[in-house]
Amino acid sequence: MSGTLSRRSFLKLGAVSAGALVVGQFVPPAVAQAATNAGLLNTKGNGYIPSMCEMCVWRCGLIAKVRNGRVVKLDGNPDHPHSKGHLCVRGQSGLMNTYDPDRVLTPLIRVGKRGEGRFRKATWAEALDFTASKMLDIKAKYGPEAMIFSSTHNLSQVQFENLLYAFGSPNYGTQRSLCFNAMIVANLMTYGMEEPERIYDDQLKYIILTGRNLMEAISTSETSALSAAIARGVKVVYLDPRFTKTAAKASEWLPIKPGTDLAFHLALLNVIIGENLYNRSFVENYTVGFEALAKEVQPYTPEWAAPITEIPAETIRRIAHEFAAAAPHALAHNGWRTSNFVNSFQTQRAITILNALIGNWNVVLRASGGESSSALGKPPQPPYPRASAVRLDGVPSKFPVVPLKIGVFQELRDNILTGQPYQAHGWFIARQNPVMSLPDRTKTLEAFQKMDFIVTVDILLNDTAWFSDVVLPEASYLERYDPLNPVGDKVFLRQPVIDPQGDARSALWIYKQLGERLGLKDYFQYQDEEDYLRQQLAPLGISLQDVKAKGYAQLPEGKAAPEYSWNTPSGKIELQSSTLAKVGFPAVPTWIEPPEPPQGQFYLLTGKVAQSTQFGTQNNQLLHKYADEPRLWLNDKVAADRGIADGDWVEVASQVGKVHTRVRVTPGIRQDCVYLTPGYGHLSKGLTTAFGRGASSSVLHVTYADPVSGGQALTQTFVTVRKA
Ligand SMILES: Nc1nc2c(c(=O)[nH]1)N[C@H]1C(S)=C(S)[C@@H](COP(=O)(O)OP(=O)(O)OC[C@H]3O[C@@H](n4cnc5c(=O)[nH]c(N)nc54)[C@H](O)[C@@H]3O)O[C@H]1N2
Ligand SMILES: Nc1nc2c(c(=O)[nH]1)N[C@H]1C(S)=C(S)[C@@H](COP(=O)(O)OP(=O)(O)OC[C@H]3O[C@@H](n4cnc5c(=O)[nH]c(N)nc54)[C@H](O)[C@@H]3O)O[C@H]1N2
Ligand code: SF4
Ligand SMILES: [Mo]
């Protein structure tokens, strides 16, 4: 702990912001007025308040136990379909998200050089006036397109988008191309929807998981559904070059060679089609393009795939037989962070199509929910101005099938650097840490240096805020309202269980204040957060008071999703896609050979751990305690050959960067791979708990976009490892 203390003292001496950062500890507990008024807290500040977790984007329902105006315990809300009364370790540690001594509790304005981390405290009026004047300057000089906006999925994102569309910029960066573009675009091209819902019912017999590490990369509802399925004896085949916790629970672990999942799935298609194991009547009635698919997969036999995947041909053939025998109660799982290689889109198409061939539609996969969320109201607003400039991320010119609201974030970053087709000058970032999450951190920092102005909305001085000119502190998820969150047939509420500490404010408030200063008042027609929620609830005839007490409201029954029609050009499931053909991409999945590491180098794997979320929770003092020290996984035989022992320090170098880390020697990884936990190696000294721990994989990742989906190829980075 002494390291932590000395860093903290350094911060106090070195950064003007330190005062703001430690204030959180000394703020006397304030009894949340709204919760007291709703009868959820007594006058002493005691009670149980339903709300929603935000330790990750899954947003489980929670019940906060409040004593003397302080949150003392978080439990799952049994009425929420995600948590069903449970919270994962991150959710339970959410207290320290709010009570983190490093919270930023007043707006900050940079005083030192960018990246030095020297800020001064400012009032909201000053910080907002300053931000608005900088944004308006950029708009006047270079046009609205010179302002970049970026944000990762969150409940107030709808108002963030409102701000950017009203401002008139076409440049919007989301995390999605670093995450699941390949899966989303493959589903859009095949089923005409982003992600069909998966049904884990008692009938389910067989699951193929392709790098979907559900036991560690948690989505509470699906993680528990998978656990229950395993307990019932469902067969789970898990493909991952690494022995993860999911591998440990699976019936069969296949340490596939990275980037070759496409070959594996093409071979499954080859067997299922070649041996007539598919559902003929389903294929005839509900799909188009079977002939073209059959022709394409003919050469992709298990014998062809075996040397590529390093999985024996008989294993591939057996799995094809087992999968088909379990049909239609079999699931080929699409995965979630499916951004591994430049062939990831084709891999996703092959997986998607495998499901269609066995006719598991409405048995294992179905269209997700009706349109019940459209039952909610929203504040009135004028139409948006038309953004005339092209987008910097190459959508749609370079990436014609990537939806605009998804975009290609790494391409956007690269074009900030090239200044082509025009130069960007400002960047507005909310609830996102692109300094850590984009590949090739050096490049991201260079892109930051090109900016005249950077503003970040966060709760901490994260790495991105550290390099910003203005930091606008949001109230934590236990201190604020957000727009309502529809889940299934209910709509859930996030409400403050304590009053915000310091001057932290909700994003709904921040965007409205800023919008007014940017001359966009008509786009923000709500008085305050409660007024916003009342406007959302108005068409339902439900009072906010009722929703506050229960934490959710029932929605009227939505339009049922169509059972056997799909929003594709043919109205059917497109095994062969006319949309892809039209823009010059292969219309049926086809083999694309992924690059391999040169002799003596390794594939660099990344992947989530259960005790942290992305790049934003490593400073949480409770989670910090439970997280293993992040080390580089290295195969035991390789380590022995190279004379590297467990715990040794090594230098890991890629084409774009170099880090030092300790090694974990393990048989649980292929010999041609190493693995590094994401989310460490922070740059911000404002994260006094996390700073100095571990190394950053983002420093090493080389930037590549899958040409069809724009997904960043996160495993397509090759590294050398040598004893340091
Ligand atoms: N605890 C926790 N849960 C989370 C998150 C979190 O940060 N923490 N994040 C959430 C988010 S945003 C997402 S997107 C999901 C992601 O959840 P997942 O889709 O499960 O993604 P990852 O954990 O990133 O990677 C999964 C595995 O892919 C393997 N892999 C790498 N390359 C290849 C390859 O070429 N082929 C195969 N078959 N496997 C490969 C890696 O070894 C890794 O174990 O998790 C969500 N849940
Ligand atoms: N090397 C590597 N890179 C990856 C991945 C990987 O596994 N390895 N995974 C990829 C994936 S799947 C994804 S989804 C992306 C994620 O990439 P990002 O979305 O950029 O990363 P996060 O860590 O989720 O960023 C969340 C930020 O929100 C802040 N925050 C937390 N709570 C609040 C709040 O209540 N309000 C506000 N305003 N801010 C808050 C946190 O402090 C943090 O700075 O990264 C991608 N990049
Ligand atoms: S999965 Fe865990 S961190 Fe994510 S919302 Fe649920 S409880 Fe919170
Ligand atoms: Mo993600």
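Note that the structure is predicted; figures quoted are calculated from it, not measured.

*Asks:* What is the right way to read the overall build of the protein from this model?
*Replies:* Scanning the protein for helices and strands turns up 26 helices and 27 strands. Computed over C-alpha atoms, the radius of gyration of the protein comes to 25 Å, within 12% of the 27 Å expected from 2.2 N^0.38 for 724 residues, which places it in the range of a compact globule. For the protein, with 724 residues in total, the buried portion stands at 62%. The average position of the 74 basic charges and that of the 66 acidic charges among the side chains of the protein differ by 5 Å.

*Asks:* Looking at this model, I keep getting lost on the packing of helix α8 (residues 181-191) against helix α16 (residues 344-357). Mind explaining?
*Replies:* Packed helix pairs are characterised by how far apart their axes lie and by the angle those axes make with each other. Where α8 meets α16, the axes come as close as 8 Å, and the angle between the chain directions of the two elements is 45°. Between α8 and α16, the interaxial angle falls into the category oblique. Classified by chirality, the crossing of α16 by α8 is right-handed. Judged by residue contacts, A182, M183, V185, A186, N187, M189, T190 and Y191 of α8 engage S344, F345, Q348, R349, T352, I353, N355 and A356 from α16. Residues belonging to the contact of α8 with α16 are distributed by class as follows: 9 nonpolar, 6 polar and 1 charged.

*Asks:* Just checking my understanding: could you explain the site of ligand 2 for this structure?
*Replies:* Around ligand 2, a shell composed of 26 residues is seen, among which T152, S437, N462, E474 and F615 lie nearest. With respect to ligand 2, the side chain of R480 contributes an N or O atom lying 2.8 Å from an oxygen atom. Computed on the free molecule, ligand 2 has an accessible area of 930 Å², of which 96% lies beneath the protein chains in the complex. Counting only elements with at least two residues in the shell around ligand 2, the list comes to α18 (434-437) and β16 (453-458).

*Asks:* Where do I start with the site of ligand 3 in this structure?
*Replies:* If you check the shell around ligand 3, you find C53, M55, C56, W58, R59, C60, L87, C88, R90, G91 and T220 and nothing else. Classifying every residue of the shell around ligand 3 gives 7 nonpolar, 2 polar and 2 charged.

*Asks:* In this structure, what is going on with the side chain of R90? I would like to understand it.
*Replies:* Mapped onto the elements of the fold, R90 is located in helix α4 (residues 89-92). Buried charged residue R90 carries no salt bridge. Nearest counter-charge: E54, at 11 Å. Polar side-chain contacts of R90 include one of 2.7 Å to the side chain of T613. Once you skip the residues sitting within four places of it in the chain, R90 turns out to touch M55, C56, I218, A610, Q611, S612, T613 and L623.

*Asks:* Teacher, can you tell me more about helix α15 (residues 313-326) here?
*Replies:* Spanning 14 residues, α15 covers 20 Å between terminal C-alpha atoms, matching the ideal 20 Å at 1.5 Å per step. The complete set of buried residues in α15 reads A313, T315, I316, I319, A320, F323, A324 and A326. Mapping the buried residues of α15 onto a view down its axis gives an arc of 165°, with all of them on the same face. Turned more than 90 degrees away from the buried face of α15 sit E314 and A325, all of them exposed.

*Asks:* Honestly, the sheet that holds strand β3 (residues 70-76) in this entry has me stumped. Any pointers?
*Replies:* Strand pairs in the sheet, formed through backbone hydrogen bonds, run parallel or antiparallel to each other. A sheet is described by the order of its strands in space; here 3 strands give the open sequence β1-β2-β3, paired in antiparallel fashion. Because the sheet does not close on itself, it has two edges, and the strands there are β1 (47-52) and β3. The sheet shows a mean angle of 30° between the axes of neighbouring strands, taken without regard to direction.

*Asks:* Please clarify how the sheet that holds strand β13 (residues 330-333) should be interpreted in this entry.
*Replies:* Ordered in space as β11-β10-β9-β13, the 4 strands form an open sheet in which the pairing is parallel. Of all strands in the sheet, those bounded by a partner on one side alone are β11 (252-254) and β13. The mean angle between the axes of side-by-side strands here comes to 10°, regardless of whether they run parallel or antiparallel. Summarising the sheet, strand β9 (residues 206-210) and β13 pair through 4 bridges and their orientation is parallel. Within the sheet, the bridge partner assigned to L209 lies in β13 and is H333. Strand contacts of α16: β9 and β13, with the helix running at about 170° to β13, the strand carrying the most contacts.

*Asks:* Help me out: how do you make sense of the pairing of strand β15 (residues 426-430) in this one?
*Replies:* If a strand is regular, its side chains alternate between the two faces of the sheet. Across the 5 residues that make up β15, a large majority, 5, are buried. Side chains of β15 alternate between two faces, with G426, F428 and A430 and W427 and I429 buried alike. Bridge count for strand β6 (residues 147-151) against β15 is 5 bridges, and the pairing is parallel. Bridge pairing links S150 to I429 in β15. When β15 meets β16, the two strands line up parallel, connected through 5 bridges. Bridge pairing in β16 links W427 to I454.

*Asks:* What is the right way to read the domain arrangement of the protein from this model?
*Replies:* Interfaces are frequently sized by the accessible area removed from exposure as the parts join. Domain boundaries in the protein define domain 1 (108-179 + 390-484 + 504-525), domain 2 (185-368 + 568-582) and domain 3 (602-723). The distance between the C-alpha centroids of domain 1 and domain 3 comes to 27 Å. Taken together, the 27 residues of domain 1 in the interface contact 29 residues of domain 3. When domain 1 packs against domain 3, the two sides together hide about 2,000 Å² of surface, and 60% of this comes from carbon and sulfur. For the domain 1 face of the interface with domain 3, the top three residues by lost area are M436, R441 and W466, together amounting to 29%. Applying the counting rule to domain 1 against domain 3 returns 0 salt bridges.

*Asks:* Looking at this structure, I do not really get the pairing of strand β22 (residues 602-605). What am I missing?
*Replies:* Alignment of β22 against strand β27 (residues 718-723), held across 2 bridges, turns out to be antiparallel. Each residue of the ladder has a partner; that of Y603, found in β27, is F718. Sheet analysis places β22 next to strand β26 (residues 673-675), joined by 3 bridges and oriented parallel. When the bridges of β26 are listed, Y603 appears paired with C673.

*Asks:* I'm lost on the side chain of S612 in this one. Help?
*Replies:* Within the secondary structure layout, S612 lies in the loop between β22 and α25 (621-626). Setting aside its immediate chain neighbours within four residues, S612 contacts R90, T617 and Q618.

*Asks:* Honestly, the pattern of salt bridges in this entry has me stumped. Any pointers?
*Replies:* Opposite charge on two side chains permits pairing when their charged atoms draw close. Following the criterion strictly, the structure yields 41 salt bridges and no others. Residues E54 and R59 are paired through a salt bridge, measuring 2.8 Å at the closest nitrogen-oxygen approach. In this structure, the salt-bridge partner of R114 is D469, at a minimum N-O distance of 2.8 Å. Of the two residues, R114 is situated in the loop between β4 (108-110) and β5 (119-121) and D469 in the loop between α20 (463-466) and β17 (470-473); the sequence distance between them amounts to 355 residues. As far as the burial class goes, R114 and D469 line up, both buried. By sharing partners, the salt bridges in this structure join E54, R59, R431, E474, R480, D482 and R494 into a single network.

*Asks:* For this particular structure, what's the right way to read the nonpolar core?
*Replies:* Looking at soluble globular proteins, one finds that nonpolar side chains tend to be buried together. Within the largest apolar cluster, 68 residues are counted, with the highest numbers of intra-cluster contacts made by I207, F264, L269, L293, F323 and L357. No other element matches helix α11 (residues 261-274), which puts 10 residues into this core. Each residue touching L357, except ones within four places of it in the same chain, is listed here: L269, I273, Y278, N279, V283, F290, L293 and L575. L128, I138, L163 and V455 belong to the second largest nonpolar core, which has 36 residues in total.

*Asks:* I tried to follow unusual backbone geometry on my own but got confused; where do I start?
*Replies:* Residues other than glycine predominantly adopt negative phi, and peptide bonds predominantly adopt the trans conformation. Residue P396 is bonded to the preceding V395 through a cis peptide linkage, with omega at 5°. As for its placement among the helices and strands, P396 is situated in the loop between β14 (365-366) and α17 (409-418). In this model, Q420 is joined to P421 through a cis peptide bond whose omega is -5°. Examined against the element boundaries, P421 turns out to sit in the loop between α17 and β15.

Rules used throughout
Residues numbered from 1 in each chain as written. Chains lettered and ligands numbered in written order. Predicted model: local features only at pLDDT ≥ 70, side-chain atom pairs only at ≥ 80, totals over all residues. Heavy atoms only, no water. Helix = DSSP H or I, 4+ residues; strand = E, 2+ residues; numbered from the N terminus. Rg over C-alpha atoms; globule rule 2.2 N^0.38 Å. Buried < 20%, exposed > 50% of the residue type's maximum accessible area, 1.4 Å probe, protein only. Lys, Arg positive; Asp, Glu negative; His and termini not counted. Charge placed at Lys NZ, Arg CZ, Asp CG, Glu CD. Axes fitted to C-alpha atoms, helices over the stretch in contact; angles between N-to-C directions. Parallel < 35°, antiparallel > 145°, perpendicular 65-115°, else oblique. Left-handed = near helix turned anticlockwise from the far one by under 90°. Contact = heavy atoms within 4.5 Å. Nonpolar A, V, L, I, M, F, W, Y, C, P; charged D, E, K, R; others polar. Near = heavy atom within 4 Å. Polar contact = N/O pair within 3.5 Å; in protein donor to acceptor, adjacent residues only side chain to side chain. Areas by Shrake-Rupley, 256 points an atom, 1.4 Å probe, with all protein chains shown as cover. Salt bridge = Lys/Arg side-chain N within 4 Å of Asp/Glu carboxyl O. Expected span 1.5 Å × (residues − 1). Arc of directions from axis to C-beta. Pairing = 2+ DSSP bridges. Domains from an automatic or database assignment. Buried area = accessible area lost by both parts, 1.4 Å probe. Core = buried A, V, L, I, M, F, W, Y, C linked by side-chain atoms within 4.5 Å.

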